[in-house]
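Now for the letters of each chain:
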Amino acid sequence: MTAAGSPSARRAAASLLSRTGWEPEPRQLLFAGNGRQAIAAAIAALVPPGERLGVETLTYPLVKGIAARLGVTLVPLAMDDAGLLPAALAAAPPLRAVYLQPTLHNPLGITLPDERRTELAAILDQRDMYAIEDGIYGFLRPDQPPLAALAPERAIMVDSLSKRLAPGLTLGFLVAPAQLTARVATALRSGTWMASRFALDAATQWMSDGTAAEIERTKRHDAAVRQRIAAEQLAGFSVRADPCAYHCWWELPEPWRAETFVAAAARRGISVTPAGAFAVGPGHAPNAVRLALSSPPTDTLSQALGVLGELANGTPDDAGPD
């Protein structure tokens, strides 16, 4: 197992992770067993037990579990329709770091505007704070440079192969500022979150010979097709979606409540995730669900979304157990 990998692995990963206007420095690349472990290592490196990590009010659910295991307190930061509010970060209590998803946010699917990224980068400098940038869906928007491009000394960029290529090939990436590389590598080793030699060698081959890039291009086309299917089947509903994303956010109509809708969908063999799974801290979660679009065949997806649309047009009383 290794944190730094080989020079050829770092070069191949740097090329794969690059986006318009940004290419990571290979010497600053580290490898984890998967994306979740990369996030855990970044948090462990930056936030000691008992300290605070800022997060968006709706966030990747596994971050809540990682923080609990590491003894880290999460502080929810307000968002609007464009994403994290810079004013919320500026006014937050002392934080050791902030975890955020600037591109194709999970679950909302939104991407932070460039001017807001610039504001956030300035606040990170002003507050002497680091960001953990989750860029796992960034390959679907290669035209959008990460926050790390604006704050290279303030952001640890986290990514993985499982969404890009296949769930079975797990490999996590961290691009850390030079002054943090040793600290992050130590966190990877102490948490036993390093990549296996087999996964790293297999991934290096795919990244080097163009296989990974070709699969990425195919997935970008596939995501666009699936979003069109969702738009057609759920026309007339309040659905927030990026045409490049593999998920969408559905604000349910009255009289539905998210948990009731999830249960009714499950009785029809369809799994959707309620907003409460993504909410951080106390308070009322939005009356919404996240729809993951990537797994089923497109004809199955279309049929399932049609069933969900019919369900939402009824009432919970109509959707009782058969």
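Look a little higher up for the structure.
Remember, predicted model here, so these are calculated numbers, not experimental data.

(A) Representation of the packing of aromatic side chains. Scanning all chains against the criterion turns up 5 aromatic pairs. Measuring from centroid to centroid gives 5.2 Å for Trp256 and Phe261, while their planes differ by 90°, and the two rings are edge-to-face. A residue is classified by how much of its surface remains accessible, and Trp256, at 0% relative accessible area, is buried. Its relative accessible area of 0% is what places Phe261 among the buried residues.

(B) The arrangement of the layout of surface pockets in detail. Considered as a void within the structure, the largest pocket measures approximately 750 Å³ in volume. Looking at the largest pocket, it is lined by 29 residues, and the ones nearest its centre are Arg36, Tyr60, Tyr137, Ser162 and Lys163. When residues of the lining of the largest pocket are traced back to their parent elements, those giving at least two are helix H2 (35–46), helix H3 (61–70), helix H9 (211–233) and strand S13 (288–292). Element by element, the count of residues in the lining of the largest pocket is highest for H9, at 3 residues. Residues that form the lining of the largest pocket fall into these classes: 11 nonpolar, 11 polar and 7 charged. Of the voids in this model, the second largest pocket is the one considered here, and its volume is about 300 Å³. Lining the second largest pocket are 16 residues, and of these Ile270, Ser271, Ala292, Pro296 and Ala304 lie nearest its centre. Elements represented by at least two residues in the lining of the second largest pocket include exactly S13 and helix H11 (298–313). At 6 residues, the largest contribution of residues to the lining of the second largest pocket is made by H11.

(C) Highlighting the sheet that holds strand S11 (residues 247–251). Pairing in this open sheet of 4 strands is antiparallel, and the strands run S10-S11-S13-S12 from one edge to the other. Two strands lie at the open edges of the sheet, namely strand S10 (238–240) and strand S12 (273–274), each paired on one side alone. For S12 and S13, the ladder comprises 2 bridges, and the chain directions are antiparallel. Bridge pairing in S13 links Thr273 to Arg290.

(D) Seen up close, the packing of helix H1 (residues 7–17) against helix H8 (residues 197–208). Between H1 and H8, the shortest axis-to-axis distance is 9 Å and the interhelical angle comes to 50°. Overall, the two elements H1 and H8 adopt an arrangement that is oblique. Considering only the axes of H1 and H8, their crossing is left-handed. Where H1 approaches H8, its residues Ser8, Ala9, Ala12, Ala13 and Leu16 are matched on the opposing element by Leu200, Thr204, Met207 and Ser208. Across the contact of H1 with H8, the residue classes tally to 6 nonpolar, 3 polar and no charged.

(E) Spatial organisation of H8. Taking 1.5 Å as the rise per residue, H8 with 12 residues should run 16 Å; its terminal C-alpha atoms sit 16 Å apart, in good agreement. The set of residues buried in H8 consists of Ala199, Leu200, Ala203, Thr204 and Met207. Projected onto a plane normal to the axis of H8, the buried residues spread over an arc of 130° and lie on a single side. In this structure, the buried side of H8 is in contact with H1, strand S1 (29–32), strand S9 (172–175) and H9. Gly210 lies just past H8 and shows a positive phi near 95°.

(F) Representation of the packing of H2 against H3 within the structure. Running from N to C, H2 and H3 point in directions that differ by 45°, and their axes come no closer than 10 Å. Taken as axis vectors, H2 and H3 run oblique relative to one another. Of the two elements, H2 crosses H3, and the hand of that crossing is right-handed. The residues of H3 that touch H2, namely those facing Arg36, Ile39, Ala40, Ile43 and Ala44, are Leu62, Val63, Ile66 and Leu70.

Cut-offs and rules
Throughout this description, residue numbers start from 1 for each chain and increase along the sequence as written. A pLDDT threshold of at least 70 governs which residues receive local features in this predicted model, and a stricter bar of 80 or more applies before side-chain atom pairs are shown or counted, although totals over entire chains, interfaces and linings include all residues. Each side-chain value is worked out from all heavy atoms of the structure, with water and hydrogens disregarded. Note on ring pairs: Phe, Tyr and Trp rings are taken, using the six-membered ring of Trp, and paired if centres are within 6.5 Å. Classes follow the plane angle, with under 30 degrees stacked, over 60 edge-to-face and the rest tilted. Partly exposed residues are those whose accessible area sits between 20% and 50% of the maximum for their type, while under 20% is buried and over 50% is exposed, using a 1.4 Å probe and protein chains only. Cavity means a closed set of points on a 1 Å grid over the protein atoms alone, one where a 1.4 Å probe fits but cannot get out, pocket means an open set with protein on both sides within 12 Å along at least 5 of 7 lines, and lining means a residue has an atom within 4 Å of a point. Grid points are joined across faces, edges and corners, and a volume is the space filled by probe spheres set on the points. A run of H or I in DSSP becomes a helix once it reaches four residues, and a run of E becomes a strand once it reaches two; helices and strands are each numbered from the N terminus. In the scheme used here, Gly and all other residues not listed as nonpolar or charged are polar, with Ala, Val, Leu, Ile, Met, Phe, Trp, Tyr, Cys and Pro taken as nonpolar and Asp, Glu, Lys and Arg as charged. Two strands pair if DSSP finds at least two bridges between them. Between the N-to-C directions of two axes lies an angle of 0 to 180 degrees, each axis being a line fitted to C-alpha atoms and, for a helix, fitted only over the stretch in contact. Geometric relationships in this document are graded by angle, where less than 35 degrees denotes roughly parallel, more than 145 denotes roughly antiparallel, 65 to 115 denotes roughly perpendicular, and other angles denote oblique. Note on convention: the crossing is left-handed when the near helix lies turned anticlockwise from the far helix by less than a right angle, right-handed when the turn is clockwise. The criterion used for residue contact is that any of the two residues' heavy atoms lie within 4.5 Å. A helix is expected to reach a length of 1.5 Å times the quantity of its residues less one. By construction, the arc corresponds to the directions joining the helix axis to the C-beta atoms.

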